[in-house]
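# Structure assessment
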Amino acid sequence: SRNIDRHKFIGYLVHKVLYDIVELKIEIYFFVLFVIHTVNCWLVYWLLNKITKQTWTNTVISSIFCYRFYLWWFSNIHVYLATLFGLLFVAVWLQYLSRPGRMKFVLWLIWPLMVFSYGPSVLLPLALIPATMVIKKSFSLNLIKPLLPFIFLLFVYLVLFVFTPDSLERFTSESNPYKSD
C-alpha cells in the first residue's frame with residue numbers, strides 16, 4: 001500500500017480476518033461487500049425517511065444509491081466501510097438532535113471506525129453543521145456543541161496525515177500526472 005493509505009487500516013483488518021477464515025475464496029469477499037452495501041442502502045433509505053417523509057422520492061434516491069454497487073475490486077472495502085460508519089454517524093447524530101442525551105457518546109465510538117476506514121470521512125462532522133441548521137431551521141452553538149471536538153480532530157488529522165512529507169510528495173512529484181507546468 002502507498003504510505004498515504006497507512007491510516008486506512010479498518011479495511012485491511014477486515015481483509016485479513018476474511019483471509020484467515022476463508023483464504024482466497026473470492027465469492028466470500030464479494031458476499032461481504034454485497035452485505036455491507038445492502039446495509040448501506042437500507043441506511044440511506046432510513047435516513048432519508050427520517051429527514052423527509054417523501055417515500056417515493058426516498059425510494060428512487062435509495063435505488064440509485066443501490067445501483068452504484070461495484071464489486072470489481074475488493075479494495076473498495078475502504079469506501080464501503082467508511083460509508084457504513086458515516087451513515088451510522090449521521091443516524092446517531094439525527095437521533096441526538098431529536099432526543100439529546102447519551103447518544104453523543106456513541107459518536108465517539110463510530111468516528112474512529114469511520115475515519116480509519118477512509119480518511120476523507122473526517123470531513124463529515126463539519127458537513128453536519130450546515131445540515132443541522134437546515135434540519136432544525138436555526139443555528140445554536142449549543143445544538144452543534146457535540147460536533148466541535150470532531151472539528152478540532154479534523155485539523156489534527158490534516159496535520160498528521162495530509163501535510164506530511166510523503167503526502168505532499170505525492171502532489172509535487174515530477175511523475176504526478178495532474179501536476180500543471
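Residues numbered from 1 in each chain as written. Predicted model: local features only at pLDDT ≥ 70, side-chain atom pairs only at ≥ 80, totals over all residues. Heavy atoms only, no water.

### Re the overall build of the chain
Counting its regular elements, the chain contains nine helices and zero strands. Moving toward the C terminus, one meets the helices and strands of the chain in the order α-α-α-α-α-α-α-α-α. Going through the 181 residues of the chain one by one, you find that 37% of them count as buried. Pairs at least 24 residues apart make up 66% of the contacts formed inside the chain by residues separated by at least 6 positions. Of the accessible surface of the chain, which amounts to about 11700 Å², a share of 71% is contributed by carbon and sulfur atoms. (Helix = DSSP H or I, 4+ residues; strand = E, 2+ residues; numbered from the N terminus. Buried < 20%, exposed > 50% of the residue type's maximum accessible area, 1.4 Å probe, protein only. Contact = heavy atoms within 4.5 Å. Areas by Shrake-Rupley, 256 points an atom, 1.4 Å probe, with all protein chains shown as cover.)

### Focus on the nonpolar core
Membership of the largest hydrophobic core comes to 40 residues, with the highest contact counts inside it found for Ile36, Phe85, Phe89, Trp93, Trp111 and Leu147. Dropping the residues within four chain positions of it, Phe85 is found in contact with Ile10, Ile110, Leu113, Met114 and Ser117. (Core = buried A, V, L, I, M, F, W, Y, C linked by side-chain atoms within 4.5 Å.)

### Quick notes on the pattern of salt bridges
If the charged atoms of two oppositely charged side chains come close together, the side chains can form a pair. One pass over the structure, following the stated rule, counts one salt bridge. Residues Lys16 and Asp20 are paired through a salt bridge, measuring 2.7 Å at the closest nitrogen-oxygen approach. Of this pair, Lys16 and Asp20 both sit in helix H1 (residues 9-22), four residues apart, which is roughly one turn of the helix. (Salt bridge = Lys/Arg side-chain N within 4 Å of Asp/Glu carboxyl O.)

### Looking at the side chain of Thr132
Tracing the backbone shows Thr132 in helix H6 (residues 124-136). Judged by relative accessible area, Thr132 falls into the buried class, the value being 2%. Excluding its chain neighbours within four sequence positions, the residues that come into contact with Thr132 are Trp93, Leu97, Lys137, Leu143 and Ile144.

### Re the packing of aromatic side chains
Within the structure shown, the criterion is met by five aromatic pairs. An angle of 90 degrees between the planes, with centres 6.3 Å apart, marks the rings of Trp42 and Tyr45 as edge-to-face. Remark: Tyr45 and Trp42 occur in helix H2 (residues 26-51); sequence separation between them is three residues, near one turn of the helix. Site record: aromatic cluster; members linked through ring pairs are Phe89, Trp108, Trp111 and Phe150. (Phe/Tyr/Trp six-rings, centres within 6.5 Å; stacked < 30°, edge-to-face > 60°.)

Scope: geometric values only; no functional claims are made or implied.
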